[in-house]
Amino acid sequence: MQLPASIAIVRGSILNTSFEGIDHKKMFVIIGENDKSVFGFFFINSNINKYIQDRQVLLDMQCILKRANYPDILEYDSFLDCHEIKTFDKQTLIAGYDNGTIAHIGNLIEDDIEIVLSVCRNSPLFSEYEKRTFLK
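These numbers were taken from a predicted model, which means no experiment stands behind them.

(A) Representation of the environment of Ile-94. Among the secondary structure elements, Ile-94 is positioned in helix H3 (residues 90–99). Judged by its relative accessible area of 11%, Ile-94 is buried.

Encoded structure:
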């Protein structure tokens, strides 16, 4: 499935929208896509959850995003939570663009993309399928 040309979502795109069960809008970063209908993404968090802090394998998957690199997006240094690939249906994303509930607010810098990919590709948390599909 192809996105309309007016929607340029690529690896590293930073988006913002509301998610069910979360009481505020969340920023998230596209990490990859399958060849059919789904984007894989990670959430941006201002802090590391206590549950994650107590589990080294999950803590190792928190990639810092420096405010200095994203002054128009981040209010302070934040963390890209890379311990689990979440998915977003492409049709839902297109509809969100059309109705204004999803906004493209920026892109990760290339150095951060490379760090994230390296951390994820070497992590035991992801299956070979996830690595081949979203992290290639």
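(B) Looking closely at the side chain of Asn-34. Turning to its location among the elements, Asn-34 is positioned in the loop between strand E2 (26–33) and strand E3 (38–45). Aside from chain neighbours lying at most four places away, what touches Asn-34 is Lys-90, Thr-133 and Phe-134.

(C) Expanded view of H3. Taken together, the buried positions of H3 are occupied by Lys-90, Leu-93, Ile-94 and Gly-96. Down the axis of H3, the buried side of the element spans an arc of 160 degrees, and every buried residue falls inside it. Those residues of H3 that are exposed and angled more than 90 degrees off the buried face are Asp-98 and Asn-99. Check the buried side of H3 and you find it contacts strand E1 (13–17), E2, E3 and strand E5 (78–89). Between the side-chain oxygen at the start of H3 and the backbone nitrogen of Gln-91 there is a gap of 3.0 Å, and the oxygen is on Asp-89.

(D) Representation of the layout of surface pockets. Considering only enclosed or pocket space, the largest pocket measures out at about 240 Å³ in volume. Lining the largest pocket are His-24, Lys-25, Lys-26, Met-27, Ile-44, Asn-45, Ser-46, Ile-73, Leu-74, Glu-75, Tyr-76 and Ser-78. For the lining of the largest pocket, the secondary structure elements donating two or more residues are E2 and E3. Here the lining of the largest pocket is composed, by residue class, of 5 nonpolar, 4 polar and 3 charged.

Rules of the game
Residues numbered from 1 in each chain as written. Predicted model: local features only at pLDDT ≥ 70, side-chain atom pairs only at ≥ 80, totals over all residues. Heavy atoms only, no water. Helix = DSSP H or I, 4+ residues; strand = E, 2+ residues; numbered from the N terminus. Buried < 20%, exposed > 50% of the residue type's maximum accessible area, 1.4 Å probe, protein only. Contact = heavy atoms within 4.5 Å. Arc of directions from axis to C-beta. Polar contact = N/O pair within 3.5 Å; in protein donor to acceptor, adjacent residues only side chain to side chain. 1 Å grid on protein atoms, 1.4 Å probe; cavity = no way out; pocket = protein on both sides within 12 Å on 5 of 7 lines; lining within 4 Å. Points joined across faces, edges and corners; volume = space filled by probe spheres on them. Nonpolar A, V, L, I, M, F, W, Y, C, P; charged D, E, K, R; others polar.

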